[in-house]
Protein chains: 2
Amino acid sequence: MNQDTLWIKQLKFNEQGLIPAIAQDERDGAVLMMAWMNRESIQRTVETGEAHYWSRSRRQWHKGATSGHIQKVKRLLYDCDADTLLLEIEQVGDTACHTGARSCFFNVVPLKQLTLL
Amino acid sequence: MNQDTLWIKQLKFNEQGLIPAIAQDERDGAVLMMAWMNRESIQRTVETGEAHYWSRSRRQWHKGATSGHIQKVKRLLYDCDADTLLLEIEQVGDTACHTGARSCFFNVVPLKQLTLL
């Protein structure tokens, strides 16, 4: 066991062997997307410095491999429960979402709906 | 069906009826925590304007009810896949984590470990 892998041992994966990963723009803190990683995604991310995710449809997935919109990982953090990752990234192309949007979080619940519900 | 609840119908909950919710400080964009919501958490959050979450240990959980560190929701967004929520909040007490830290994401993987792995 390499000492450098000890932090990965602390992570808590869910029943499917996955852990959520939040990608945040290192420049202004914008939350760009949330996706899932398994151990291999983390290993590949750490080895390449570029975000890799896992999904049922795409399996192991190098973000931006097709679109060119790769994510260069500047800082990698995990939370107090060690069950969520936070990636501070440089988003190449300034486009994280497959729709072409900068961020996947473009659906705003109107305040009216918040107060009237 | 009230028109104002239609957006909730679009959300995709997991097999446990849960959806991940990222809490972000509205002031500076800091990601403070990630927790889970079920439909009732969302309803309560929307009705009160304060974040409610669900966990296996705490069940339905009004964030800050004990500590006073409630989260006032300023904006509520969901992502392109409608399977993750983003809450832009005012964090009362400037403390989101149960450890007393401002953010739950205080574990930084040292860059050395990133490059050597």
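Structure: see above.
These notes cover the structure that comes with them. (Residues numbered from 1 in each chain as written. Chains lettered and ligands numbered in written order. Predicted model: local features only at pLDDT ≥ 70, side-chain atom pairs only at ≥ 80, totals over all residues. Heavy atoms only, no water.)

## Remarks on the overall build of chain A
Here is step 1: Secondary structure assignment for chain A yields 3 helices and 7 strands.
Here is step 2: Secondary structure elements of chain A occur, N-terminal to C-terminal, as α-β-β-α-β-β-β-β-β-α.
Here is step 3: The principal-axis extent of the C-alpha atoms belonging to chain A is close to 55 × 35 × 30 Å.
Here is step 4: Across the 117 residues that make up chain A, the buried fraction comes to 51%.
Here is step 5: Sequence separation of 24 or more characterises 43% of the internal contacts of chain A that already satisfy a separation of 6 or more.
Here is step 6: Of the accessible surface of chain A, which amounts to about 5700 Å², a share of 47% is contributed by carbon and sulfur atoms.
Here is step 7: Separation between the mean location of the 14 positive side-chain charges and that of the 14 negative ones in chain A comes to 6 Å. (Helix = DSSP H or I, 4+ residues; strand = E, 2+ residues; numbered from the N terminus. Buried < 20%, exposed > 50% of the residue type's maximum accessible area, 1.4 Å probe, protein only. Contact = heavy atoms within 4.5 Å. Areas by Shrake-Rupley, 256 points an atom, 1.4 Å probe, with all protein chains shown as cover. Lys, Arg positive; Asp, Glu negative; His and termini not counted. Charge placed at Lys NZ, Arg CZ, Asp CG, Glu CD.)

## Regarding the pairing of strand S6 (residues 85–91) of chain A
Residues and elements named next belong to chain A.
Here is step 1: Counting buried residues along S6, 6 of its 7 residues qualify, which places the element largely inside the surrounding structure.
Here is step 2: Where strand S1 (residues 19–25) lies against S6, 5 bridges are found, and the strand directions are parallel. Opposite Ala23, over in S6, you have Leu87 as the bridge partner.
Here is step 3: Two strands pair when backbone bridges link them, and strand S5 (residues 71–78) and S6 are joined in this way by 7 bridges, in the antiparallel orientation. Bridged to Gln71 within S6 is Gln91.
Here is step 4: The antiparallel pairing of S5 with S6 creates a hairpin that spans 6 residues between the two strands, and Ala82 there sits at a positive phi of about 55 degrees. (Pairing = 2+ DSSP bridges.)

## Quick word on the relation of the copies chain A and chain B
Two chain copies here: they are related by a rotation about an axis and a translation along the same axis.
Here is step 1: Superposing chain A onto chain B requires a rotation of 180 degrees together with a translation of 0.0 Å along the rotation axis, leaving an RMSD of 0.0 Å. Taken together, the turn and the small shift mark the pair as related by a two-fold rotation axis. Within chain A, the C-alpha atom positioned nearest to the axis of rotation is that of A:Gly29, 2.5 Å from it.
Here is step 2: Both copies share a contact surface, since 100% of the interface residues of chain A are interface residues in chain B too. (Least-squares fit on C-alpha atoms with pLDDT ≥ 70 in both.)

## Examining the environment of B:Thr84
Here is step 1: Note that B:Thr84 resides in the loop between strand S5 (71–78) and strand S6 (85–91).
Here is step 2: As a C-alpha pair, B:Thr84 and B:Leu18 span 66 residues in sequence and 9.7 Å in three-dimensional space.
Here is step 3: Contact partners of B:Thr84, with chain neighbours within four places excluded, come to A:Met34, A:Phe105, B:Ile19, B:Pro20, B:Ile22, B:Leu77, B:Tyr78 and B:Asp79.
Here is step 4: Polar side-chain contacts of B:Thr84 include one of 3.4 Å to the side chain of B:Asp83. (Polar contact = N/O pair within 3.5 Å; in protein donor to acceptor, adjacent residues only side chain to side chain.)

## Some details on the pattern of salt bridges
Here is step 1: Considering all chains together, one arrives at 18 salt bridges over all chains under this definition.
Here is step 2: The residue A:Glu90 makes a salt bridge to A:Lys74 at a minimum N-O spacing of 3.4 Å. One end of the pair, A:Glu90, is in strand S6; the other, A:Lys74, is in strand S5, with 16 residues separating them in the sequence.
Here is step 3: Overall, the relative accessible area of 30% leaves A:Glu90 in the partly exposed class.
Here is step 4: The partner of B:Arg75 in a salt bridge is B:Glu88, and the shortest N-O contact between them spans 3.0 Å. A residue pair is termed long-range when its members are at least 10 positions apart, and B:Arg75 in strand S5 and B:Glu88 in strand S6 qualify at 13 residues.
Here is step 5: Its relative accessible area of 37% is what places B:Arg75 among the partly exposed residues.
Here is step 6: Members of the salt-bridge network, linked through shared partners, are A:Asp25, A:Arg27, A:Asp28, A:Asp94 and A:Arg102. (Salt bridge = Lys/Arg side-chain N within 4 Å of Asp/Glu carboxyl O.)

Honestly, that's just the spatial picture; any functional story needs more than this.
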